[in-house]
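Reading the structure
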Amino acid sequence: MGSISYRNLDQCESFHALLKEKGGASLREVLTPERVGSYQVPAGGGLFYNYAAKAVDERILSLLSDLAKEQQLLEKYRALLAGEVMNTGEKRKVLHHLQRGELAGPVVHEGVNLREFYVEQHEKAFEFARKVHEGVVRGPSGAPFTTVVQIGIGGSDLGPRALYYALEGYVRATKGALPMEARFISNVDPDDAAAVLSSIDPARTLFILVSKSGTTQETLTNAALVSSFLREKGITEPKRQMVVVTSKTSPLAQDPDYLAGFYIDDFIGGRYSATSPVGGVVLSLALGPEVFQELLAGAHEADRSALEPDPRKNAAMLDALIGVYERNVLNHPATAILPYSQALHRFPAHLQQLDMESNGKRVNRWGEPVAYPTGPIIFGEPGTNGQHSFYQLLHQGTDIVPLQFIGFVEGQTGFDREIDGSTSQQKLNANLAAQIVAFAKGKDAEDQNKHFPGGRPSSLLYGGRLTPRTAGALLAHYENKVMFQGFLWNINSFDQEGVQLGKVLTKEVLAGTPTDPVLTAYARILGVRRS
Ligand SMILES: O=P(O)(O)OC[C@H]1O[C@](O)(CO)[C@@H](O)[C@@H]1O
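Everything numeric here is computed off the predicted structure, so don't read it as measured data.

Some details on the site of the ligand
Near the ligand you find 13 residues, and of these Ser-156, Ser-211, Ser-213, Thr-216 and Glu-357 are the closest. Here an oxygen atom of the ligand sits 2.7 Å away from a polar atom, N or O, in the side chain of Ser-213. Glu-357 has a polar side-chain atom sitting 2.7 Å from an oxygen atom of the ligand. In isolation the ligand has 390 Å² of accessible area, and contact with the protein removes 86% of it. Looking at side-chain class alone, the shell around the ligand contains two nonpolar, nine polar and two charged residues.

Regarding helix 6 (residues 114-133)
The end-to-end C-alpha distance of helix 6 is 29 Å, a good match for the 28 Å that 20 residues give at a rise of 1.5 Å each. Along helix 6, the residues that are buried comprise Leu-114, Phe-117, Tyr-118, Gln-121, His-122, Ala-125, Phe-126, Phe-128, Ala-129 and Val-132.

Structural notes on helix 16 (residues 468-489)
Between its terminal C-alpha atoms helix 16 stretches 32 Å, which fits the 32 Å expected from 22 residues at 1.5 Å a residue. For helix 16, a buried count of 21 out of 22 residues is recorded, marking the element as mostly surrounded by other parts of the structure. Downstream of helix 16 by a residue or two, Asn-490 has a phi angle that is positive, lying close to 60°.

Here's the deal with the packing of helix 5 (residues 73-81) against helix 16
Where helix 5 meets helix 16, the axes come as close as 10 Å, and the angle between the chain directions of the two elements is 115°. The interaxial crossing formed by helix 5 with helix 16 has right-handed handedness. Listed contacts from helix 16 to Leu-73, Lys-76, Tyr-77 and Leu-80 of helix 5 are Asn-480, Met-483, Phe-484, Phe-487 and Leu-488. Its residues assigned to classes, the contact of helix 5 with helix 16 shows seven nonpolar, one polar and one charged.

Structural notes on the UniProt feature "active site" (unreviewed entry) in the protein chain
Residues annotated by UniProt as "active site" (unreviewed entry) correspond here to Glu-357, His-388 and Lys-503. Taking the farthest pair of C-alpha atoms as the criterion, the annotated set spanning 147 residues is dispersed, since that pair is 36.8 Å apart. Inspection of the secondary structure puts Glu-357 in helix 13 (residues 347-359). Leaving out residues up to four positions away in the same chain, Glu-357 has contacts with Arg-271, Gln-352, Asp-495, Gln-496 and Val-499. Within the structure, Glu-357 has its side chain in polar contact with the side chain of Arg-271 (distance 2.9 Å). Within the secondary structure layout, Lys-503 lies in helix 17 (residues 500-511). The class for Lys-503 is partly exposed, based on a relative accessible area of 43%.

A closer look at the sheet that holds strand 1 (residues 40-44)
Spatially, the six strands line up as an open sheet ordered 1-2-17-14-12-13, and their pairing is mixed. The open sheet is flanked by strand 1 and strand 13 (377-379), the only strands paired with a single partner. Across the sheet, the mean angle separating the axes of adjacent strands is 20° when strand polarity is ignored. Bridge count between strand 1 and strand 2 (residues 47-50): four bridges; the pairing is antiparallel. By the bridge assignment, Pro-42 is partnered in strand 2 with Phe-48. Along the sheet face, helix 12 (residues 315-328) touches strand 1, strand 2 and strand 14 (403-408) and points at about 30° away from the line of strand 2. With respect to the sheet, helix 16 is in contact with strand 1, strand 2, strand 12 (334-339), strand 14 and strand 17 (458-463), its orientation differing from that of strand 14 by roughly 165°.

Observations regarding the pairing of strand 7 (residues 147-151)
Taking burial as the measure, the five residues of strand 7 include five buried ones, the bulk of the element. Side-chain alternation along strand 7 places Thr-147, Val-149 and Ile-151 on one buried face and Val-148 and Gln-150 on a second face that is also buried. As paired elements, strand 7 and strand 8 (residues 181-185) share five bridges and run parallel to each other. Counterpart to Val-149 in the pairing with strand 8 is Arg-183. Following the chain from strand 7 across helix 7 (residues 158-175) to the adjacent parallel strand 8, one finds a crossover that is right-handed.

The rules behind these values
Residues numbered from 1 in each chain as written. Predicted model: local features only at pLDDT ≥ 70, side-chain atom pairs only at ≥ 80, totals over all residues. Heavy atoms only, no water. Near = heavy atom within 4 Å. Polar contact = N/O pair within 3.5 Å; in protein donor to acceptor, adjacent residues only side chain to side chain. Areas by Shrake-Rupley, 256 points an atom, 1.4 Å probe, with all protein chains shown as cover. Nonpolar A, V, L, I, M, F, W, Y, C, P; charged D, E, K, R; others polar. Helix = DSSP H or I, 4+ residues; strand = E, 2+ residues; numbered from the N terminus. Expected span 1.5 Å × (residues − 1). Buried < 20%, exposed > 50% of the residue type's maximum accessible area, 1.4 Å probe, protein only. Axes fitted to C-alpha atoms, helices over the stretch in contact; angles between N-to-C directions. Left-handed = near helix turned anticlockwise from the far one by under 90°. Contact = heavy atoms within 4.5 Å. UniProt positions renumbered as here; feature names shortened; annotations may be inferred. Pairing = 2+ DSSP bridges. Right-handed = clockwise from strand over helix to strand, strands pointing away.

Take a look at the structure:
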């Protein structure tokens, strides 16, 4: 593998050449039917990344390809896959790709082949799920488990929850019913747990306590809250209907009272852990092991396609490059994720953590402040709902927000009717096509209040249907896009120091020892009285 030299984005000649293209291409001029058909590239899992409505032309794309080579994006990806320390803040390898397949040979750490360890934990989860489904593993009263509740927050909640909602309709339609219903408790707000606990049969509910560190206050508090609830319901040994998913070094890993334990290592970051047992246990229980296996296969396809050397044939890399062009040359501080699929309604929330906790950084991989913008603000809601909410600003606001549409030709469930000459799925996708063109081309009007400036760029990730394979590829596409953007900005996308200060101040308030009188004042008006 050739040597890798790390440099800041503003130390790249191709970046300075791009800065001369600061206006971007005029969408009214470049967006043609031919371009809609040609400006797209396979993304794995049956997905295609279409960038016809992005404000780029052949010259800009050529300069972006130069930037990819100058920043050695592929070499850095390969180095990460091979187990080099790419999490420079915590001095750790970054190995979430290894959860779904091996792309750069074995990675051995302290004598352990980590792919074999990851496969072993997946197989253990599949076997456990089968035993629960067959009634071999039952609740304390002998009743079979019918519901699974995941207790976790951040990466221990958002990805698994988004994937469950993404695929529950598919599984109900293809299998007739879910193997188990899943619920999620994440917020320390007791009303979150109350809402879930009021909807389950305690004797038939299996709980999954998920915390990689085993120290997250919200998760440990909720686990204790659930345990006290179960005891009040006469279940004297709550841990006998709880399994844990944690790192081997966590305090939770040492407790033999839990029904079962599934482990990840420190090389799987929380926001990158949905294809580890963090997502694998709940999804195998709720959707079936084979669904999670198909999801892993789709993610692996996307990972493999991200190894394509030509940026114009590498969907995740091209998406990353265009995103950096929009952020650092066109100076757009935000971007919206707009899935035209109600099943993906929690996917934007997952991407907020994935992107903003990875690239919301002000220093480079060596800890030096950078002189250019990095990670964008991410928000989004499913279409068509967003059209009746924030699209006004997107169409006629004073800021341009680049858009990332996601769409599928077919629905998941087959439930649909032709009404007024078209089906609902046709209406959904007609809206999607219309929005792409309306944003890009706008519409002139004398009355400025009715004028649509256009020039709003968008991409479209689309496929035939949202299946487990497609969902896996979608998840991995964005993980790889975020990784490539971190390489472009020369930042460490794999630690999260920015979440620590809040935790420290919270502990001071709860201990009754806030050092800051302003903090004391806020704690007082919010009723946090500590003796
Ligand atoms: O899985 P754990 O260790 O409980 O952490 C939960 C979440 O908290 C964070 O550490 C900080 O937000 C995330 O990175 C992580 O996904």
